[in-house]
Amino acid sequence: MLYVEILGNLREMARDEVKAMLELAGGGIAGRDYLLLKLDAGEEAFPYLDRLGLAHEYGKLIIEADSVEELLERAGEVEWPIKGKFKVDTETMANCRHGVLDLPRKLGAVIYSQGFRVNLSRPDTLVRVYCGEKLYAGIRFHYFSPKDFERRKAHHRPFFRPISLHPRVSRALVNLTKARKEILDPFMGAGGVLMEAGLLGLKVYGVDIKSEMVEGAEMNLRHYGIEDYTLKLGDATRLEELFPGKRFEAIATDPPYGTSATLAGRERGELYRKALKSMYSVLMEGGRLAIAFPTDFDGEEEAERVGFNLVGKYYQRVHKSLERYFYVFEK
Ligand SMILES: C[S@@+](CC[C@H](N)C(=O)[O-])C[C@H]1O[C@@H](n2cnc3c(N)ncnc32)[C@H](O)[C@@H]1O
């Protein structure tokens with residue numbers, strides 16, 4: 001059994017991102033204890049789990065126990081798949097019900113007695129203990145370094161616009177569509193969503209109504225080594241004309257929220273409604289749309305009106321004057 005530790009904000013979205021990846025890999029979520037997900041999946045899921053945006057790490061779950069005593073007892077019985085030197089590291093989640101202060105030392109001693117050696121500063125293997133309703137011990141396989149995402153945040157890109165989503169959130173939007181080969185962002189802006197999709201090896205298609213954005217997005221994509229892209233200057237409410245006969249596997253996008261210049265003079269509700277209709281018409285049957293709308297627009301009702309089915313809806317408060325939902329719809 002595997003585990004994933006998801007990030008604490010946008011938890012439900014993070015869980016559904018994992019679920020979507022397991023639907024592609026074959027497998028499922030077998031249980032959950034706050035931020036820890038137990039996965040019914042094997043090695044074949046690794047390439048899909050590697051795609052995650054809203055996750056801290058994943059690894060192999062070795063022990064699940066109801067008490068510290070039980071954990072230590074079981075730790076003496078299992079074969080630890082440890083390579084080189086190890087370190088025990090504890091994650092005390094907000095719902096932790098056990099006294100774990102001394103646990104790293106005690107568990108370390110049990111594993112040490114099986115012949116494994118400790119290195120606290122540069123371990124080859126990290127033994128992770130999670131404390132929630134229950135206790136869990138596992139081996140970390142993959143850590144999603146914040147630095148990796150940070151270096152793609154808006155102000156690190158050659159073409160800078162302060163309107164972008166966090167790269168982790170953009171990544172999750174792409175994954176929630178379950179895209180395997182391509183994605184369209186019809187309001188691409190500086191190309192944040194397309195960058196994340198391109199880094200996953202997807203072919204990316206982008207549209208923006210402003211030529212500076214089309215040029216800027218191209219600059220950003222090239223900067224991060226993405227070459228398989230088609231970018232067009234055009235209107236997200238007229239996608240059929242921009243891509244005649246084309247049906248996309250998936251769409252992920254973050255339309256403009258403001259009353260400002262980003263709306264290019266349109267009334268916001270009308271822009272959203274027309275864009276939803278146009279996106280529906282260029283999406284494949286069964287294809288998914290992941291999209292953000294401010295909370296004062298009823299995205300669910302409007303999307304269902306054009307034929308979409310709601311798959312997921314996640315709330316985020318960005319700041320005092322911006323609250324939004326991320327939606328996932330299916331055609
Ligand atoms: C919020 S930004 C997108 C930010 C993007 N997700 C990113 O991470 O960089 C929205 C973009 O939609 C563009 N836009 C506004 N109206 C449009 C329309 N009718 N068709 C296409 N693009 C439009 C704006 O020029 C702006 O660049």
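See the structure printed just above.
Quick caveat: nothing in here was measured; it's all calculated off a predicted structure.

Visitor: Which parts of the structure should I look at to understand the pattern of salt bridges?
Guide: A side chain of one charge can pair with a side chain of the opposite charge when the charged atoms of the two come close. Here the structure, examined in full by the defined rule, presents 30 salt bridges. Of the charged contacts, one joins E270 and K274 as a salt bridge, the two residues approaching to 3.0 Å between their closest N and O atoms. Note that E270 and K274 are positioned in helix α10 (residues 268–282) at a spacing of four residues, about one turn of the helix. Given the relative accessible area of 39%, E270 is considered partly exposed. Judged by its relative accessible area of 43%, K274 falls in the partly exposed class. Salt bridges here are not isolated pairs; linked through shared partners, they connect E5, E57, D89, E91, R128 and R140.

Visitor: When you look at the environment of A109 in this model, what are you seeing that I'm missing?
Guide: With respect to the helices, strands and loops of the structure, A109 is situated in helix α4 (residues 103–112). Take A109: its relative accessible area is 44%, and that puts it in the partly exposed class. Sequence spacing of A109 and L72 is 37 residues, and the spatial spacing of their C-alpha atoms is 9.7 Å.

Visitor: Can you walk me through the nonpolar core in this structure?
Guide: Within soluble globular proteins, side chains that are nonpolar tend to cluster in buried spots. Residues V4, M13, L39, L49, I183, L184 and F326 are the most contacted members of the largest nonpolar core, which totals 86 residues. Sort the elements by how many residues they give to this core and helix α1 (residues 11–25) lands first, with eight residues. Residue contributions to this core reach at least three from each of two domains, namely domain 1 (2–144) and domain 2 (151–330). In this structure, I82, L103, I111 and A137 belong to the second largest nonpolar core, which totals 23 residues.

Visitor: I keep staring at the state of the cysteines and nothing clicks. Help me out?
Guide: Where two cysteines share a covalent bond between their sulfur atoms, that bond is called a disulfide. In total, this model carries one disulfide according to the counting rule given. Each sulfur in the disulfide pair C96 and C131 lies 2.0 Å from the other. On the S-S bond that ties C96 to C131, the torsion sits near 80°, and the link is right-handed. Taken together, the residues span a long stretch of sequence, with C96 in the loop between β5 (86–92) and α4 and C131 in strand β6 (residues 125–131) at a distance of 35 residues.

Visitor: When you look at the environment of M13 in this model, what are you seeing that I'm missing?
Guide: Here M13 is to be found in helix α1. On a C-alpha basis, the gap between M13 and V169 in space is 9.3 Å, while along the polypeptide they are 156 residues apart. Residues in contact with M13, not counting those within four places in the same chain, are L54, V169, A172, L173, L176, Y314 and F326.

About the criteria used
- Residues numbered from 1 in each chain as written.
- Predicted model: local features only at pLDDT ≥ 70, side-chain atom pairs only at ≥ 80, totals over all residues.
- Heavy atoms only, no water.
- Salt bridge = Lys/Arg side-chain N within 4 Å of Asp/Glu carboxyl O.
- Helix = DSSP H or I, 4+ residues; strand = E, 2+ residues; numbered from the N terminus.
- Buried < 20%, exposed > 50% of the residue type's maximum accessible area, 1.4 Å probe, protein only.
- Core = buried A, V, L, I, M, F, W, Y, C linked by side-chain atoms within 4.5 Å.
- Domains from an automatic or database assignment.
- Disulfide = S-S within 2.5 Å.
- Contact = heavy atoms within 4.5 Å.

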